[in-house]
Amino acid sequence: MVKKILVANRGEIAIRVMRACRELGIPSVAVYSEADKGALFAKYADEAYSIGPPPAAESYLNIQKVIDVAKASGADAIHPGYGFLAENPKFASACEREGIKFIGPSSRVLELMGDKVAARREMMKAGVSVVPGTDECMAGFEQARSIADEIGYPVIIKPSGGGGGIGMTIVMNEGELPKALESTQAIATTTFGLADVYIEKYLSNPRHIEFQILGDSKGNVIHLGERECSIQRRHQKLIEESPSPALTSELRCKMGEVAANAARWVGYEGAGTVEFLFSDGRFYFLEVNARVQVEHPVTEMVTGVDIVKEQIRITSGLPLSIKQEEVRMNGSAIECRINAEDPLNDFVPTPGKIKSYHSPGGTGIRVDSGVYTSYTIPPFYDPMISKLIVWGRDRNEAITRMRRALYEYVIIGIKNNIPFHKAVMENPRFVKGELGTHFIDRETTLLEDMKRIMEREKPLEEKLSHLFEEKRRIAAIAAVVAITQMHHYTQPKQ
Ligand code: MV4
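Structural notes, computed from the coordinates. Just so it is clear, the structure is predicted and the values come from calculations on it, not from any experiment. (Residues numbered from 1 in each chain as written. Predicted model: local features only at pLDDT ≥ 70, side-chain atom pairs only at ≥ 80, totals over all residues. Heavy atoms only, no water.)

## Remarks on the overall build of the protein
Then, number 1: When helices and strands are counted, the protein shows 18 helices and 22 strands.
Then, number 2: Against the globule reference of 23 Å for 494 residues, the protein gives a C-alpha radius of gyration of 24 Å, in line with a compact fold.
Then, number 3: Along the three orthogonal principal directions, the C-alpha set of the protein runs to about 100 × 55 × 45 Å.
Then, number 4: Within the span of the protein, comprising 494 residues, buried residues form 54% of the whole.
Then, number 5: Across the protein, contacts joining residues at least 24 apart in sequence account for 66% of those joining residues at least 6 apart. (Helix = DSSP H or I, 4+ residues; strand = E, 2+ residues; numbered from the N terminus. Rg over C-alpha atoms; globule rule 2.2 N^0.38 Å. Buried < 20%, exposed > 50% of the residue type's maximum accessible area, 1.4 Å probe, protein only. Contact = heavy atoms within 4.5 Å.)

As structure tokens, then:
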């Protein structure tokens, strides 16, 4: 086993990783920016080191600083979490050079999966069905036009340098093609430093279904079933679940095998996700995420496998602790991302101080978070407050349990998206499992539903109002202190 792990991340995922370290008896090291001095993850770690100013570019993204702390603290491995340096091949190779184990795939695999066109080409070679489109970058307008003609409109132009939706442009007809090409290339250049773009057939309202895979250094690759992540807004996932209501066990078996074969083909070591678009009973490879994902807990809830512990085992050169035929998917899990954002005001971020905080509990509930009462969510990073994950014996039980958990959840002081989640859990199409990537745009009643639900649950807030009568409590404490001191100073010495 590795001996000491530096966690190069913040917030809930840093704590998630440190929890696995603690269960394995491995000491953990936190690195934190000046904005995170008071954060829970920095306190949870066995050691914590400041690495610079709040902007991520000067702290969490500073490769040299992170490596310097790893060396100074004697950490022999680094877990990058998600985001920040997690899929940066330069960081992985810097670790490799310095003799520190990077908990993730090799820099070669990160490089390959980061280049979306190369990944598509590799998957075609592996016999994986990809969305109809190109296997190389667009050389120019003429080439783009002939390919679009071939696959038929609408098409979508995507930057090769980055996944996740940034810069993607939908093209309905040939007339729109030149402008779309130009704009995607411009965004690709400024965002990813690479003008390369590629073309795919555009699928309207597909489902987003992804498979969790694990590969060890002995060549074993398994999958832990799928997650459906169709409920997203501006490429930000908001609700994820496992299993997908759209898959039969036959299709799950088939897609899982394709995902595992894809990982095997590239020599994948570590935890990863193979993303597919699913439409009209057919599935198409989209991209590989070479990291542990935000939504990994739903898979942990239905399979019982601790994905982060597996990552650490893999990096330590140990075999996976479970074989494919031993993987059982039991029941149904749903995750709601609880964000500091105002769902009534175009989901604008609302960082700030949490005056009062009470998270749900009881049967089948998991809350992954890095916040506490009186904690201030800094404005510099992702405004996620927590992930609320529930498990039920079937999807209906998971939904009713999620409604119950959301009812219990009290966050006072900052606006948050709990009303949005309550509205979705009551949405008839969500309940029927009729999902697609355009769900939020198409469900036009969600805003009214949220308002109605907030009105309905006002009495509860009033019942809990003592929780946020902070000023009155402080005044009372101040009065007691004043009286005590008066007594102390006015008593004549005996
Ligand atoms: C697509 C697609 C339809 N057809 N690809 C990829 C990353 C994910 N976050 C969005 N992606 C999509 N890829 C093909 N071939 C639809 C989406 C998509 C989307 C695209 C543009 C603007 C908004 C979108 C919302 C959800 C899904």
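## Here we look at helix α10 (residues 296-303)
Then, number 1: A large share of α10 lies buried, amounting to seven of its eight residues.
Then, number 2: When we look at burial in α10, the residues that qualify are His296, Pro297, Val298, Thr299, Glu300, Val302 and Thr303.
Then, number 3: After α10 finishes, the residue Gly304 shows a positive phi value of roughly 75 degrees.

## Section: the site of the ligand
Then, number 1: Around the ligand sit 15 residues in total, of which Lys158, Glu200, Lys201, Leu203 and His235 are the nearest.
Then, number 2: A distance of 2.9 Å separates a nitrogen atom of the ligand from a polar side-chain atom of Lys158.
Then, number 3: A distance of 2.7 Å separates a nitrogen atom of the ligand from a polar backbone atom of Lys201.
Then, number 4: Elements supplying a minimum of two residues to the shell around the ligand: β6 (155-159) and β8 (197-201).
Then, number 5: Here the residues of the shell around the ligand sort into seven nonpolar, five polar and three charged. (Near = heavy atom within 4 Å. Polar contact = N/O pair within 3.5 Å; in protein donor to acceptor, adjacent residues only side chain to side chain. Nonpolar A, V, L, I, M, F, W, Y, C, P; charged D, E, K, R; others polar.)

## Focus on the packing of aromatic side chains
Then, number 1: Tallying each qualifying case throughout the model produces ten aromatic pairs.
Then, number 2: When the centroid spacing of 5.5 Å and the interplanar angle of 80 degrees are considered together, the rings of Phe347 and Phe420 count as edge-to-face. Of this pair, Phe347 sits in the loop between β15 (341-342) and β16 (348-349) while Phe420 sits in helix α13 (residues 418-426), and the two are 73 residues apart along the sequence.
Then, number 3: Judged by its relative accessible area of 1%, Phe420 falls in the buried class.
Then, number 4: An aromatic cluster of at least three residues, connected via ring pairs, comprises Tyr60, Phe84, Phe380 and Tyr381.
Then, number 5: Above the face of the Phe430 ring, Arg395 is positioned so that its terminal group lies 4.7 Å from the ring centre. (Phe/Tyr/Trp six-rings, centres within 6.5 Å; stacked < 30°, edge-to-face > 60°. Lys NZ or Arg CZ within 6 Å of the ring centre and 35° of its normal.)

## Some thoughts on a nonpolar patch on the surface
Then, number 1: A cluster of nonpolar side chains, namely Leu344, Leu447 and Met454, defines an oily patch on the protein surface of about 230 Å² accessible area.
Then, number 2: Summarising the element assignment, Met454 is placed in helix α16 (residues 446-456). (Patch = residues over 30% accessible without salt bridge, like charges linked within 9 Å, V, L, I, M, F, W, Y side chains within 5 Å. Areas by Shrake-Rupley, 256 points an atom, 1.4 Å probe, with all protein chains shown as cover. Salt bridge = Lys/Arg side-chain N within 4 Å of Asp/Glu carboxyl O.)

## Quick notes on helix α3 (residues 63-73)
Then, number 1: Of all the positions in α3, only Val66, Ile67, Val69, Ala70 and Ser73 are classed as buried. What you see down the axis of α3 is that its buried residues fit within an arc of 160 degrees, all on one side.
Then, number 2: Looking at the packing, one finds that the buried side of α3 touches β1 (5-7), β2 (28-32), β3 (47-50), β4 (77-79) and α4 (89-98).
Then, number 3: Looking at where α3 begins, the residue whose side-chain oxygen comes 3.2 Å from the main-chain nitrogen of Gln64 is Asn62. (Arc of directions from axis to C-beta.)

## Quick look at the sheet that holds β8
Then, number 1: The three strands are arranged β7-β6-β8 in an open sheet whose pairing can be described as antiparallel. Where the open sheet ends on each side, the last strands, each with one partner, are β7 (169-171) and β8. In this sheet, neighbouring strand axes are inclined to one another by 30 degrees on average, regardless of whether the strands run parallel or antiparallel.
Then, number 2: The sheet contact formed by β6 and β7 spans three bridges and is antiparallel. Of the residues in β7, the one forming a bridge with Val155 is Val171.
Then, number 3: Packed onto the sheet, helix α6 (residues 116-125) meets β6 and β8 and runs at close to 50 degrees relative to β8. (Pairing = 2+ DSSP bridges. Axes fitted to C-alpha atoms, helices over the stretch in contact; angles between N-to-C directions.)

## Comments concerning the pattern of salt bridges
Then, number 1: Tallying each qualifying case throughout the model produces 38 salt bridges.
Then, number 2: Of the charged contacts, one joins Arg337 and Glu240 as a salt bridge, the two residues approaching to 2.8 Å between their closest N and O atoms. Placement of the pair is Arg337 in strand β14 (residues 332-339) and Glu240 in strand β11 (residues 236-242), with a sequence separation of 97 residues.
Then, number 3: Exposure remark for Arg337: the relative accessible area of 9% places this residue in the buried category.
Then, number 4: Each member of the salt-bridge network shares a partner with another, and the members are Glu210, Arg227, Lys237, Glu240, Glu275, Glu295 and Arg337.

## Focus: the sheet that holds β4
Then, number 1: With respect to topology, five strands assemble into an open sheet ordered β3-β2-β1-β4-β5, the strand pairing being parallel. Of all the strands in the sheet, the pair left with one neighbour each is β3 and β5 (101-102).

## Here we look at the packing of helix α5 (residues 107-114) against α6
Then, number 1: Running from amino to carboxyl end, α5 crosses α6 at an angle of 100 degrees, the nearest separation of the two axes being 5 Å. Here α6 runs roughly perpendicular to α5, going by the angle between their axes. Here Leu112, Met113 and Gly114 of α5 lie close against α6, whose contacting residues are Lys116, Ala118, Ala119, Glu122 and Met123.
Then, number 2: Residue composition of the contact of α5 with α6, by class: five nonpolar, one polar and two charged. (Parallel < 35°, antiparallel > 145°, perpendicular 65-115°, else oblique.)

## Brief notes about the nonpolar core
Note that soluble globular proteins tend to have their nonpolar side chains buried in a common cluster.
Then, number 1: Among the nonpolar cores identified, the biggest contains 120 residues, and Leu6, Phe41, Ile239, Ile385 and Phe420 are the most heavily contacted of them.
Then, number 2: Among the elements that line this core, the one with the most residues is helix α1 (residues 11-24), at seven residues.
Then, number 3: Those residues within four positions of Ile385 in sequence are excluded, and the remaining contacts are Ile338, Asn339, Ala340, Ile354, Tyr357, Ser369, Gly370, Val371, Ile377, Ile411, Ile414 and Asn416.
Then, number 4: Membership of the second largest hydrophobic core comes to 13 residues, among which are Ile151, Val155, Leu177 and Ile199. (Core = buried A, V, L, I, M, F, W, Y, C linked by side-chain atoms within 4.5 Å.)

## Quick notes on the packing of α13 against α16
Then, number 1: Running from amino to carboxyl end, α13 crosses α16 at an angle of 110 degrees, the nearest separation of the two axes being 9 Å. When the interaxial angle is binned, α13 and α16 end up roughly perpendicular. Facing α13, whose interface residues are Pro419, Phe420, Lys422, Ala423, Val424 and Glu426, α16 presents Leu446, Asp449, Met450, Arg452, Ile453, Met454 and Arg456.
Then, number 2: Grouping the constituent residues of the contact of α13 with α16 by class yields eight nonpolar, no polar and five charged.

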